[in-house]
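If you want the building blocks of each chain, they are given just below.
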Amino acid sequence: MSSQLATSIMGLIKVFHSYSGKEGDKYKLSKAEMKNLLQGELSDFLKGSKDPMVYDNIMSDLDENKDGEVDFQEFVLLIVALTIASNEFFIDFQKRK
Ligand SMILES: [Ca+2]
């Protein structure tokens, strides 16, 4: 049986590829694929944002090599940032109890 962490890592990989394979380069997220992924998987994280450009901003932040697509390495950096932010929220919540 896989550990929880190993399962989470495999989950990240599977989610990325289930969206990246829809159009263009199978191993990169186009702008449309990235938006579908954010809306489909991370809407709870993003619905607090009132910025209508949130998806475009995330896309341009992630696309470090400016090729208009997000590769797995760039995607993982978003997940790391969200994970760190979530952990800070979690610790704050724990302290308040
Ligand atoms: Ca693609």
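Here the structure is a predicted model, which is why all the values come from computation and not from measurement.

Visitor: What is the right way to look at the packing of helix H1 (residues 4–20) against helix H5 (residues 72–96) in this model?
Guide: The angle between the axes and the distance between the axes are what describe a pair of packed helices. Contact pair H1 / H5: the axes reach a minimum separation of 11 Å and the direction vectors enclose 125°. Here H1 is positioned oblique relative to H5, judged by the angle of their axes. Crossing of H1 over H5 shows right-handed handedness. Contacts from Leu12, Ile13 and Phe16 in H1 reach Phe72, Phe75 and Ile79 in H5. Grouping the amino acids of the contact of H1 with H5 by side-chain chemistry returns six nonpolar, no polar and no charged.

Visitor: What should I look at first to understand the packing of H1 against helix H2 (residues 31–41) in this one?
Guide: As a packed pair, H1 and H2 sit with axes 9 Å apart at the nearest point and diverge in direction by 130°. Judged on the interaxial angle alone, H2 and H1 are oblique. The two elements H1 and H2 cross, and the hand of that crossing is right-handed. When H1 is examined against H2, the residues Val15, Phe16, Tyr19 and Ser20 are found in contact with a partner set consisting of Glu33, Asn36, Leu37, Gly40 and Glu41.

How each quantity is defined
- Residues numbered from 1 in each chain as written.
- Predicted model: local features only at pLDDT ≥ 70, side-chain atom pairs only at ≥ 80, totals over all residues.
- Heavy atoms only, no water.
- Axes fitted to C-alpha atoms, helices over the stretch in contact; angles between N-to-C directions.
- Helix = DSSP H or I, 4+ residues; strand = E, 2+ residues; numbered from the N terminus.
- Parallel < 35°, antiparallel > 145°, perpendicular 65-115°, else oblique.
- Left-handed = near helix turned anticlockwise from the far one by under 90°.
- Contact = heavy atoms within 4.5 Å.
- Nonpolar A, V, L, I, M, F, W, Y, C, P; charged D, E, K, R; others polar.

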